[in-house]
Amino acid sequence: MSKVILTVDDSRTIREMLKAALMDAGMQVIQAEDGVHGLEMLESSSTPDVIITDINMPRMDGFGFIEAVRGNGKYRAIPILVLTTESVDDKKERARRAGASGWIVKPFDPAKLVSAINRVAA
Amino acid sequence: MHVNEQDLATNSELIAFRLGEQEFCVDIMSVRDIRGWTPTTPLPHSSDYVKGVINLRGAVLPVVDLSARLGFSSTEPTARHVIIITQVGAQTIGLLVDAVSDILTISKASIQATPNVASELARSFTKGLIAIEGRMISLIALDNILASADETSAAIH
Amino acid sequence: MDTMAAIKQTFFQECEEQLAELESGLLTIEREEGDAETINAVFRAVHSIKGGAGAFGLDELVRFAHTFETTLDGMRSGKVETAPQIVRLMLRAADTLADLVRVSRDGGTVDAARVSQIGDELAQAGGAQPAPAAPVFEPIAMSGDQQTDDFGFAPVMISFDDLVGGTQADGGQNGFAISFKPKPELYAKANDAIRLLRELRRMGEAKIRCDFSEIPLLSELDPEGAYLSWHVRLSTSGGDAAVREVFEFVEFDCDLSIEAQGLGGTDASLAVEALLVEAGIKESAPAPAEIPALAPVPRQTSATPPQLAAVAPPTASQGAPAQGAQQPSATIRVDLDRVDRLIDLVGELVINQSMLAQRVMEAGIARLSDVAVGLDDLEHLTREIQDSVMAIRAQPVRPIFQRMSRVVREVADMTGKSVRLITDGENCEVDKTVIERLADPLTHMIRNAVDHGLEKPDDRVKAGKPEQGVVRMTAAHRSGRVVIEVADDGAGINRARVRDIAVRKELIDADAQLSDAEIDDLIFAPGFSTASTISDVSGRGVGMDVVRRSIQALGGRITISSRPGQGTTFTLSLPLTLAVLDGMVVTVAGQTLVVPLTAIVETLQPKAADIHSLGEKARVVAIRGSFIPLIDIGSELGYRDSEADPLQSVAVLVETENQSQSALLVDGIIGQQQVVIKSLETNYGQVFGVAAATILGDGRVAVILDIDAVVAGTGRDHANRKRNAA
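Rules behind the numbers
Residues numbered from 1 in each chain as written. Chains lettered and ligands numbered in written order. Predicted model: local features only at pLDDT ≥ 70, side-chain atom pairs only at ≥ 80, totals over all residues. Helix = DSSP H or I, 4+ residues; strand = E, 2+ residues; numbered from the N terminus. Buried ≥ 20, exposed ≤ 12 C-beta atoms within 10 Å, placed from the backbone. Contact = placed C-beta atoms within 7 Å. Pairing = 2+ DSSP bridges. Axes fitted to C-alpha atoms, helices over the stretch in contact; angles between N-to-C directions. Core = buried A, V, L, I, M, F, W, Y, C linked by C-beta atoms within 7 Å. Nonpolar A, V, L, I, M, F, W, Y, C, P; charged D, E, K, R; others polar. Parallel < 35°, antiparallel > 145°, perpendicular 65-115°, else oblique. Left-handed = near helix turned anticlockwise from the far one by under 90°. Expected span 1.5 Å × (residues − 1). Arc of directions from axis to C-beta. pLDDT = per-residue confidence, 0-100. Right-handed = clockwise from strand over helix to strand, strands pointing away.

**Side note on the overall build of chain C**
A count of helical and extended segments in chain C gives 22 helices and 22 strands. Counting every position in chain C, which comprises 726 residues, the buried fraction comes to 36%. Contacts in chain C between residues far apart in sequence, at least 24 positions, make up 68% of those at least 6 positions apart.

What follows is the structure in structure tokens.
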């Protein structure tokens, strides 16, 4: 059973890179372009094993998205990894406070991406 | 076995055709299609060897009266005349000829240089001569077939 | 590797979009129409470019974007104010960023001094303290090869091998004693103790003991609580950092101690205990995270419902624009070749349909018969398909308009003028090819407008005008064409000077009688350039004649109008598509020709009394008091030797680019028709007097007249035309 990953990022480049890395690792990928779209995809697609989300996005940013997921009984048990170029500790702290399970620093190494997923995914 | 391979590598297939009493040929690799004469649409200010343009499956391409182009008499086309559609570089060009006569396979080694007796114009369009079964066939160089007369004469000098 | 190349291409495409977004956002801020979201969008654009650039190891781009982003972040948080000079700096920074992107994509070099200067200015604007050093990223390899990161902030540095190390040969084993007690927060973030233990086990030989001692009585058990803790003895080839990395995400959500220990803990009792515990884990594990159905709404989320509610509506109704946010429109990216193939095929369909219609008519089938009516329906359908297919290639002129604002800034900088560019009609859609080929002529026109059109600030003040000049660029659809105007509010054309230059360059006779419009039109004459020195700006040896020619090559026209002291306006009229054209089909000397409908004023039957001879061969026809030159198309194009009899002909009154009228004599008019434009140049070359070809209903080729060339040709000697034709 391959893992299903929902990626939420407004950058097509990053979406494609995530997809390439995840599919190489034998995972299935669902893509969304921002927080609002991410919530829509949660409703309309099969429930993902892990969510990877960007922070800076239009319409609904990563913080808002994580809070919305954690606030929904159906989805609150899904691990969420935050993608960030912002390695600054208070950004991580904020992601953690919003309820992220972990984070990945961009640009990511595919191997680290997979290992981060393994640490949070069932 | 070794010899055969070499032969294959140096053999060419040619399409031979007639202009008046003379025989010419072009490499089959540059031929896209052979069709009967259809009336052309003349282009203003064009050289006399350009018969005009035709529609070939949606593309507009010129038809060159090869006889006139080589400096012989111009052709009065009839339904029996033939247009050989050729690929010259990026362009597709129709050649108006009297009739297609043959498909030949020859070794490249049997192509002889054009002797000096031919006119300069005719010689500039001839890559070489082929002797086969007592016939003499000129191999046409298509590269400059559409070039302007000025350019052609410049190329000769 | 191919995947990476494809993603890199995506990245550069995306960069173009982000740069456009960035510029338009900054311009909005400059007009003081921006809000917080505008600044956010601008920030995101730069941020996105930085993120992608990092992935491809484009260090210079990353460094600059990082500095830029830091300043923008300051603006976002209100630390940096949106003063005009700051916004202008940011616009220049955006230009530099665009340069860096271009260099990363196409190679070449950028002016390093300029980049670092703008970088410094940005850092300064971002606050007194120097911008934090930009992280230098290593390019990513898509294989899982070992790689070290050089982030200044990276908490740990380990190799991937460390993470999977447990399975490989024991080349130096390390022992660790780990105590791990999750807090409720760990589960609330959907982390799970089991997964972390599983990761530890992957690293090597792990003996795990679970401590259940803190589990309360069921009545006191908080389903969201955390009561278990674990003790692990790990023997692994990995180091301390690798062990810590397992707990990286949870270090603040648990009590954790990791101690390095000597090996040798292989005592049997521990091993058995570990096995028992392992079984125990599976039972005790149903931690809160896995029983969400039971869980009441957790405390921490009580603040979120309003926010969720605010975003819910757009989920339900696609079209509703929530708080000005835009729904991403559903789009697909298609290879242009496929679209063009489709357009070609539809063109064939149109031709086939009209051939069929012609055959049916020739067969004498009644107009109201089922077949004829069916054919009419087919025609409508075909047209609709054609329009829809053409619409695929249509794109708004916005990107090119945005590019012009940069041109204005650069030229203004170079010439020391203050200029405001006002644009309107950016959403006007035109064929992609038309847009692409408009960039150069428009750039040149804009340069001209700023460099030659606008006066120096002092002169403007003296003339009683505001110091800042205005260049206005507008696009609009007008009767099936797109009209683009570039207008400046400068001094207007100095006609005396233009005339002098034209005389000096022997473009006109010294005593030539020219109207104002004719003098203005001299600007387009080949070899004319009003600049007395070849300036850095408009120079490049390109004149307005080149602009006119490139516009004409697009089937467009360019005209000029100028009012002294008030400015100059260039007007471009362009076809919406290069694929079809509305034409009037006429016959001349047995040939069928197409005259572009846009050039036609009217058609008329000349009367003998209206026709006058002028000089040796020329003839004119009097129409409403003006004498219009008669041009016999048949002899002009060499289709016949003798001049046509005007009284046996139809005159098609056409207007050329410079608004002069001519009457073309043709033998007859077949009708109006939309024709599919076929290039003559693909397989032949340019033909003087012919704009392109088309294929008519009978399958034959017809040429489309180039009215301006035909009319201009009548004034010149034949040899000249011959040369142009070759």
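Picking up after the structure, the text goes on.
**Some remarks on the overall build of chain A**
Each helix and strand in chain A was counted, giving five helices and five strands. Along chain A, helices (α) and strands (β) appear in the sequence β-α-β-α-β-α-β-α-β-α when read from the amino end. Across the 122 residues in chain A, those meeting the buried criterion constitute 68%.

**Brief notes about the sheet that holds strand E3 (residues 50-54) of chain A**
Residue and element names in this part refer to chain A. The strand order E2-E1-E3-E4-E5 describes an open sheet built from five strands, whose pairing is parallel. At either margin of the open sheet sits one strand with a lone partner, and together these are strand E2 (28-32) and strand E5 (102-105). If you compare each strand with its neighbour and ignore which way they point, the axes differ by 25° on average. Note: E3 against strand E4 (residues 80-84), four bridges, orientation parallel. Residue pairing for E4: Asp-54 is matched across the bridge by Leu-83. Packing against the sheet, helix H2 (residues 35-44) makes contact with strand E1 (4-8), E2 and E3, and its axis sits at approximately 155° to E1. Lying on the sheet, helix H3 (residues 62-70) is in contact with E1, E3 and E4; it crosses E3 at an angle near 155°.

**A closer look at the nonpolar core**
Counting residues in hydrophobic clusters, the biggest one holds 126 residues, and the most contacted among them are B:Cys25, B:Val64, C:Val408, C:Ile446 and C:Leu705. Take this core: its biggest share by element is eight residues, from helix H15 (residues 432-453) of chain C. Apart from residues lying up to four places away in sequence, C:Leu705 is in contact with C:Leu593, C:Val594, C:Val595, C:Gly689, C:Val690, C:Ala691 and C:Val710. Core analysis: the next-biggest nonpolar cluster, separate from the first, contains 106 residues, A:Ile78, C:Val46, C:Val115 and C:Ala190 among them.

**Digging into the interface of chain B and chain C**
It is common to report an interface's size as the accessible area lost on association of the parts. Facing 20 residues of chain B, the contacting portion of chain C comprises 25 residues. Counting only elements with at least two residues in the side of chain B that touches chain C, the list comes to strand E4 (50-56), strand E5 (59-65) and strand E7 (91-97) of chain B. Among the elements that take part in the side of chain B that touches chain C, E5(B) stands out by supplying four residues, more than any other. Counted by class, the side of chain B that touches chain C contains 11 nonpolar, eight polar and one charged residues.

**Some points on unusual backbone geometry**
Residues and elements named next belong to chain B. In this model, His-45 sits at a positive phi of 60°, which is unusual for a non-glycine residue. Positive phi values are uncommon outside glycine, yet Glu-133 reaches one of about 45°. Along the polypeptide, Glu-133 turns up in the loop between strand E10 (126-132) and strand E11 (135-140).

**Concerning the packing of helix H2 (residues 36-55) of chain C against helix H3 (residues 59-76) of chain C**
If you want to describe how two helices pack, look at the angle between their axes and the distance between the axes. All names here are of chain C. Where H2 meets H3, the axes come as close as 9 Å, and the angle between the chain directions of the two elements is 155°. By the criterion of interaxial angle, the relationship of H2 to H3 is roughly antiparallel. Between H2 and H3 lies a crossing whose hand is left-handed. Only Leu-61, Val-62, Ala-65, His-66, Phe-68, Glu-69, Leu-72, Asp-73, Met-75 and Arg-76 of H3 make contact with H2, whose side of the interface consists of Ile-39, Asn-40, Val-42, Phe-43, Val-46, His-47, Ile-49, Lys-50, Ala-53 and Gly-54.

**Some remarks on H2(C)**
All names here are of chain C. The end-to-end C-alpha distance of H2, which contains 20 residues, comes to 29 Å, matching closely the 28 Å that a straight helix rising 1.5 Å per residue would cover. The buried fraction of H2 is high, at 15 of 20 residues. A positive backbone phi angle near 65° is found at Gly-57, which sits one or two residues after H2.

**Quick notes on the packing of H15(C) against helix H19 (residues 544-553) of chain C**
Residues and elements named next belong to chain C. Two numbers describe how H15 lies on H19: the axes approach to 10 Å, and their chain directions differ by 150°. The angle between H15 and H19 places the two elements in the roughly antiparallel class. As for how H15 packs across H19, the hand of that crossing is left-handed. Together, Arg-437, Asp-440, Pro-441, His-444 and Met-445 of H15 and Val-547, Ser-550 and Ile-551 of H19 make up the contact between the two elements. When grouped by side-chain class, the residues that make up the contact of H15 with H19 number four nonpolar, two polar and two charged.

**Focus on the sheet that holds strand E2 (residues 204-211) of chain C**
Residue and element names in this part refer to chain C. With respect to topology, four strands assemble into an open sheet ordered E2-E3-E1-E4, the strand pairing being antiparallel. Looking along the sheet, the strands with just one partner apiece sit at the ends: E2 and strand E4 (254-261). With direction set aside, neighbouring strand axes in the sheet form an average angle of 15°. Where strand E1 (residues 174-182) and strand E3 (residues 229-236) come together, seven bridges link them in antiparallel fashion. Counted as the bridge partner of Ser-179 is His-231 from E3. Packed onto the sheet, helix H8 (residues 193-203) meets E1, E2 and E3 and runs at close to 20° relative to E3.

**Notes on the environment of C:Leu100**
Residue and element names in this part refer to chain C. With respect to the helices, strands and loops of the structure, Leu-100 is situated in helix H4 (residues 84-106). Under the C-beta neighbour-count criterion, Leu-100 is labelled buried, with 22 such atoms within 10 Å. Here the alpha-carbon distance between Leu-100 and Ala-112, two residues 12 residues apart in the chain, equals 10.0 Å. Contacts of Leu-100, omitting those with residues within four sequence positions, involve Glu-60, Leu-61, Phe-64, Val-110 and Val-115.

**Quick notes on helix H14 (residues 398-415) of chain C**
Residues and elements named next belong to chain C. Between its first and last C-alpha atoms H14 spans 26 Å; for 18 residues at 1.5 Å apiece the expected length is 26 Å, and the two agree. Buried residues of H14: Ile-400, Phe-401, Met-404, Ser-405, Val-407, Val-408, Val-411 and Ala-412, and no others. Viewed end-on, H14 has its buried residues packed into an arc of 165°, placing them on one side of the element. Where H14 is buried, its residues touch helix H1 (2-30), strand E6 (419-424), H15 and strand E8 (469-478). Of the residues trailing H14, Gly-416 is marked for its positive phi of about 70°.

**Details of the confidence of the model for chain C**
Residues and elements named next belong to chain C. For chain C, mean pLDDT is 76; residues scoring 70 or higher make up 80% of the total. Within the model, pLDDT remains below 50 along residues 140-170, and this stretch shows 60 contacts once partners closer than five positions in the same chain are excluded. Interface confidence for the predicted complex, given as ipTM, is 0.84, next to a pTM of 0.50.

**Focus: the pairing of strand E9 (residues 481-488) of chain C**
Every regular strand shows the same layout, with side chains that alternate between the two sheet faces. Residues and elements named next belong to chain C. Pairing geometry for E8 and E9, over eight bridges, is antiparallel. Paired with Met-473 across the bridge in E9 is Val-486. Of the pairings in the sheet, the one linking E9 to strand E11 (residues 567-575) comprises seven bridges and is antiparallel in character. By the bridge assignment for E11, Val-483 is matched with Ser-573.

**Some points on the pairing of E2(A)**
All names here are of chain A. Relative to E2, E1 runs parallel, the two being bridged by five bridges. Across the sheet, Ile-5 pairs through a bridge with Val-29, a residue of E2. Chirality of the crossover, the property in question, places the unit of E1, helix H1 (residues 12-24) and E2 among those that are right-handed.

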